[in-house]
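Understanding the architecture of this molecule
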Amino acid sequence: MAVEIEHATEHHPAHAPPPPRRGLRRLTGAGWLRVLWVMPLSFGLATLLVIGARAAMGFDPLWELQVLIVAWTVVVPLGFLAALGGFDYWAYWISGKPTRPEDHSGHGARTWKDYFRVNTDHKVIGIQYLVTTIFFFGAAGLMAMFMRAELARPGMQYVDTNTFNGLFSVHASLMIFLFIIPAFAGLGNYVIPLMLGAPDMAFPRLNALSFWLLPIAGLIMMSSYLVPDGGAFAAGWTNYVPLAVQQPDGNLMFQMGVQWAGASSIMTALNFLVTIITMRAPGMSFWRMPLLVWANFATSTLVVLATPFVAGSQFFIMFDRVLHTNFFNPEMGGDVIAYQHIFWFYSHPAVYIMMLPGFGIASEVISVFARKPIFGYRLMALSLMAILILGFSVWAHHMFVSGMQSWIRIPMMVTTLVIAVPTGIKVFSWLATLWEGRIRFATPMLFALGFVTMFVIGGLSGIYLGSVPVDIHASDTYFVVAHIHYVLFGGSLFTIFAGIYYWFPKMTGRMYDERLGKIHFWLTFVGFNVTFFPMHWVGLQGMPRRVADYAPEFGNWNLVISIASFGLGASTLVFLYNMIVSWRAGAPAGPNPWRALTLEWQVSSPPPIFNFHEIPQVVGSPYEYGVRGARHAVLNGDRAAVEEREKVEA
Amino acid sequence: MRKRSIIQMTLVGVVVGLALAAVAFFIPWLPDAASEQADIIDSVYWVVTVICVAIFALVAGVAVYAVWKFRAAPDDMDDGSPIHGHTGLEIVWTLVPTVLVTFIAVYSGVALAQAEDLPDDHRVVEVTGEQFAWTFTYPDVELENGEPLASGELVLPVGEPVEFLITSKDVIHSFWVPEWRMKQDAVRGVTTRTVVEPSKVGTFEVICTELCGLGHAVMRSRARVLSAGDFSAWVEEQRRLAAEGGSVQGEALFSAQCASCHVLEEAGSQGQVGPNLDESLEGAEEDFVRESIVEPNATIAEGFQPDVMPQNYGELFTDEQIDGLVEYLLEATGGGGR
């Protein structure tokens with residue numbers, strides 16, 4: 001039986017959507033009708049621009065796919081964004097047109113259609129992010145299934161090596177740039193303004209735009225399969241030169257896709273930073289912020305400082321390919337290893353970009369479900385900042401066998417190992433938070449506990465790889481594949497699941513099915529370990545990574561790994577079924593099913609359109625479970641305070 | 001009360017630790033150690049393993065104990081104890097890991113210096129990677145034609161330290177023999193180096209571990225470690241074959257360059273990467289054999305991919321060598337009207 005979930009507030013009449021356009025004017029208003037004709041137009045424009053310029057310069061041939069791909073992947077997405085209405089407000093403002101009344105017609109969702117518009121409501125954007133990223137998670141997961149099918153037996157069975165190289169390259173790129181990073185951005189988008197007691201993000205229009213860059217990035221990367229002569233980019237997500245320069249044209253789709261994903265990341269991170277710094281409710285000092293907010297503060301700083309480096313590294317490859325520059329061409333004074341330095345200067349911090357928000361989610365969930373204050377709150381926050389700073393000093397540990405100058409290896413090893421200290425502080429503090437708690441094993445808590453244990457395994461295998469002598473043996477083998485999946489699957493993905501289950505009632509107003517949630521957890525937990533743990537062994541024994549074919553002695557373990565990975569893939573179906581069915585017809589959840597103290601749980605589920613009827617007054621720590629009379633915030637002004645006083649007096 | 005819980009928790013930790021130790025020590029995690037460097041690296045591996053097993057036992061012990069001991073009954077709506085922190089404990093779990101990682105760093109640094117230590121009296125072997133083959137050149141072994149000895153398989157005497165000078169002709173490759181533990185990327189435009197002192201006689205695989213294109217998975221070669229006497233004999237044999245020319249030289253070239261990828265009954269080779277030459281060259285003409293060597297993409301046998309076999313044998317080998325190889329293959333497969 002479906003129960004209607006009521007939104008707590010209707011739109012104010014002044015915020016009503018504009019009257020629908022009629023006739024031909026419907027084609028010029030922001031929206032999908034305008035997209036329908038602007039996209040082919042911008043496609044044609046980009047093509048003409050390239051061919052015209054080449055004709056004017058006397059280049060031959062006129063139809064040069066590499067150059068066209070660059071033009072298309074810049075111009076068509078811009079046309080799409082403009083047509084959808086991503087720039088409308090700024091265009092009006094810049095062109096000096098009579099300022100439109102500052103309405104909120106693009107804010108909030110009344111019907112499902114509002115999720116397909118440029119929407120400025122952070123709650124809508126958060127859900128847009130999550131649904132989109134889960135789509136790409138499914139696509140990238142399917143690619144992993146194809147890979148495991150090929151790897152089940154030694155020799156070549158289903159795909160050729162070019163397809164296989166494409167599969168793992170696109171799998172990793174989508175998982176990193178279109179799933180883990182933006183899924184955390186989506187959860188943060190939904191939760192952070194609520195946790196801070198803010199009505200929205202600091203820059204709602206920028207927020208809307210940053211979401212719409214994502215599907216662009218994902219579609220560019222996926223459509224690389226359609227590029228003639230060679231198909232998808234197949235040099236790994238690391239895209240090392242000179243292989244990347246030598247690759248067929250599909251490789252450009254990685255270089256250009258990353259730009260859009262990176263731009264989206266940077267915009268969101270700036271938005272988070274300004275929101276966290278300037279939009280905290282009265283009384284919300286930094287030392288009263290929930291740890292998820294701290295985590296996103298650290299993450300956003302990393303994103304803003306590091307992401308330009310990956311953008312640069314891919315632009316340089318694009319220039320080498322299209323403009324025939326020689327950044328990475330040793331015959332013309334370029335430097336092959338320089339690419340790896342630039343790339344990892346982003347991509348190591350990216351590991352923390354993919355992990356710190358998960359730390360934040362784990363802190364929220366463990367505290368609430370153990371019914372205890374988080375242990376060592378200040379050290380927890382400070383260790384996030386320590387990881388942020390140290391995270392910039394370890395990049396070359398990915399390059400211990402690369403042939404860079406050998407002295408760098410020792411300092412990089414030391415900093416790498418030292419990062420274990422703040423990370424260890426966090427793990428020990430989570431364990432101490434469980435101590436003398438009243439632990440409830442709802443699905444979010446199961447995933448959070450699964451995260452703590454699995455992430456420790458990933459962290460410890462990181463110690464092996466951090467030690468230069470062991471890394472010389474283990475680098476570029478399946479040991480590394482096992483390590484990154486313990487960190488990014490056992491770490492990031494487990495916390496993403498924890499976060500989705502935890503805030504699902506807040507986002508939808510409905511409960512997910514607890515039994516299915518638990519089935520999902522146990523299938524994932526067992527499937528994950530049987531899939532990835534044996535990879536440590538095959539790697540140390542001598543199986544390199546990124547191979548479609550391998551020595552026959554690894555056949556049996558690879559078969560076990562493949563079978564387990566299919567189970568792991570199937571467990572995702574339980575999750576999707578649970579989410580879809582519960583979203584449509586789950587039991588109403590009420591405002592605070594977890595009896596949590598943070599601010600997002602003090603408003604209705606889903607929250608009112610501007611989150612709070614009155615800005616809350618924060619009066620204490622967000623984790624005061626078991627402390628009599630302690631409060632995190634006073635909502636609805638005097639009324640709550642009066643009630644409180646009456647209670648005490650009674 | 002407090003004492004009892006600590007004892008219980010320690011028990012859980014010890015059980016987990018013992019189980020882990022059994023997994024860590026009774027399963028052979030590392031391949032045979034066949035170089036001095038392998039012994040050094042393995043000692044670091046074991047130091048790290050002991051520390052990691054202890055840490056994971058601690059974490060798992062506390063987690064399992066807490067989950068079991070502090071679980072709430074379904075109708076229990078109470079909160080836990082309002083413990084906010086414990087400065088002493090926090091200092092301990094900051095300092096102890098700091099000491100442990102410092103120890104690992106120092107131990108690793110010393111081990112690295114030992115592994116890469118190179119006595120003045122050592123052999124040099126130049127390693128060249130290309131899509132998708134390795135060439136090993138011995139600059140101190142000069143052939144009759146003035147060229148240094150070059151081979152597609154790596155042959156070394158046991159117990160003699162070797163400095164590998166490594167480079168690449170195209171993309172990045174990585175030179176690795178798992179039993180030696182040492183690995184080093186081959187980078188175009190750069191000469192990188194690594195040191196290995198083989199300590200066991202035997203045959204090992206040379207594996208490329210850096211993604212280098214379509215044939216990455218099959219970019220493998222052989223490393224044979226011989227006794228000093230056998231090695232000298234091998235060098236002399238190479239000298240003799242190079243001097244002799246014709247199909248004798250072709251046979252040597254085949255076993256060095258082709259055998260790891262192709263089946264050929266005459267040579268006793270078992271490589272599965274490329275087509276079986278007994279079948280695909282059966283009754284073939286001389287021109288076809290030559291073309292298949294210098295321009296392998298011209299004809300691709302059914303079930304195989306283009307671009308996997310190196311494209312540059314025409315430049316890599318002298319005309320004389322190719323003539324010899326063609327002659328040898330025609331003899332071996334009964335082609336060319338023989």
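Residues numbered from 1 in each chain as written. Chains lettered and ligands numbered in written order. Predicted model: local features only at pLDDT ≥ 70, side-chain atom pairs only at ≥ 80, totals over all residues. Heavy atoms only, no water.

1. Considerations on the environment of A:Pro77
Residue and element names in this part refer to chain A. Tracing the backbone shows proline 77 in helix 3 (residues 65-84). As for proline 77 and leucine 213, which are separated by 136 residues in sequence, their C-alpha atoms are 8.1 Å apart. With residues up to four places along the chain from it excluded, the contact list for proline 77 reads Trp72, Ile216, Ile220 and Trp260. (Helix = DSSP H or I, 4+ residues; strand = E, 2+ residues; numbered from the N terminus. Contact = heavy atoms within 4.5 Å.)

2. Focus on unusual backbone geometry
All names here are of chain A. Each neighbour pair has its own omega, and for aspartate 60 with proline 61 the value is 0°, a cis peptide bond. Within the secondary structure, proline 61 sits in the loop between helix 2 (32-57) and helix 3. In the segment running from serine 605 into proline 606, the intervening peptide bond is cis, with an omega of -10°. Within the secondary structure, proline 606 is located in the loop between helix 20 (555-585) and strand 1 (617-618). Look at histidine 324: it is not a glycine, yet its phi comes out positive at around 60°. Relative to the assigned elements, histidine 324 resides in the loop between helix 10 (291-323) and helix 11 (336-353). Residue classification places histidine 324 among the exposed positions, given a relative accessible area of 62%. (Buried < 20%, exposed > 50% of the residue type's maximum accessible area, 1.4 Å probe, protein only.)

3. Observations regarding the nonpolar core
Core analysis: the biggest nonpolar cluster contains 291 residues, and B:Tyr138, B:Phe164, B:Phe175 and B:Trp180 have the highest contact counts within it. The element that contributes the greatest number of residues to this core is helix 6 (residues 161-196) of chain A, accounting for 23 residues. One finds B:Ala259, B:Leu277, B:Leu281 and B:Val289 within the second-largest nonpolar core, a separate group that totals 20 residues. (Core = buried A, V, L, I, M, F, W, Y, C linked by side-chain atoms within 4.5 Å.)

4. Quick word on the side chain of A:His171
Residue and element names in this part refer to chain A. Tracing the chain through its elements places histidine 171 in helix 6. Residue class for histidine 171 comes out buried when judged on its relative accessible area of 13%. In this structure the side chain of histidine 171 is engaged in a polar contact, spanning 2.8 Å, whose partner is the backbone oxygen of alanine 140. Apart from residues lying up to four places away in sequence, histidine 171 is in contact with Ala140, Met143, Ala144, Met147 and His485. (Polar contact = N/O pair within 3.5 Å; in protein donor to acceptor, adjacent residues only side chain to side chain.)

5. Details of the sheet that holds strand 5 (residues 162-168) of chain B
Residues and elements named next belong to chain B. Spatial strand order, 3-2-1-5-8: five strands in an open sheet with mixed pairing. Of all strands in the sheet, those bounded by a partner on one side alone are strand 3 (148-151) and strand 8 (192-196). Averaged over all adjacent pairs, the angle separating strand axes in this sheet is 25°, with direction ignored. Examined bridge by bridge, strand 1 (residues 123-130) and strand 2 (residues 133-142) share five bridges and lie antiparallel to one another. Counterpart to threonine 128 in the pairing with strand 2 is threonine 135. Set on the sheet, helix 4 (residues 228-244) makes contact with strand 1, strand 2 and strand 3; between it and strand 2 the angle comes to about 95°. (Pairing = 2+ DSSP bridges. Axes fitted to C-alpha atoms, helices over the stretch in contact; angles between N-to-C directions.)

6. Considering helix 4 of chain B
Residue and element names in this part refer to chain B. With 17 residues, helix 4 ought to run about 24 Å at 1.5 Å a step, and its terminal C-alpha atoms sit 24 Å apart, in line with that. Residues of helix 4 that are buried include every one of Phe231, Trp234, Val235, Gln238 and Leu241, and no others. On an axial view of helix 4, the arc spanned by its buried residues comes to 125°, and they lie on one face. Looking at the buried residues of helix 4, the elements they touch are strand 1, strand 2, strand 3, strand 4 (154-157), strand 10 (220-226) and helix 5 (246-258). Just past helix 4, the residue glycine 245 takes up positive phi, approximately 75°. (Expected span 1.5 Å × (residues − 1). Arc of directions from axis to C-beta.)

7. Here we look at the domain arrangement of chain A
Residue and element names in this part refer to chain A. One can read the domain layout of chain A as domain 1 (121-348), domain 2 (355-368 + 379-587) and domain 3 (614-649). Contacts between domain 1 and domain 2 engage 52 residues on the former and 57 residues on the latter. Of the roughly 4800 Å² buried where domain 1 meets domain 2, counting both sides, 77% is carbon and sulfur surface. Counting the surface domain 1 buries against domain 2, the share from its top three residues, Arg148, Phe184 and His348, is 14%. Summed over the shared surface of domain 1 and domain 2, the result is zero salt bridges. Looking at the side of domain 1 that touches domain 2, the elements that each hand over two or more residues are helix 5 (122-151), helix 6, helix 10 and helix 11. (Domains from an automatic or database assignment. Buried area = accessible area lost by both parts, 1.4 Å probe. Salt bridge = Lys/Arg side-chain N within 4 Å of Asp/Glu carboxyl O.)

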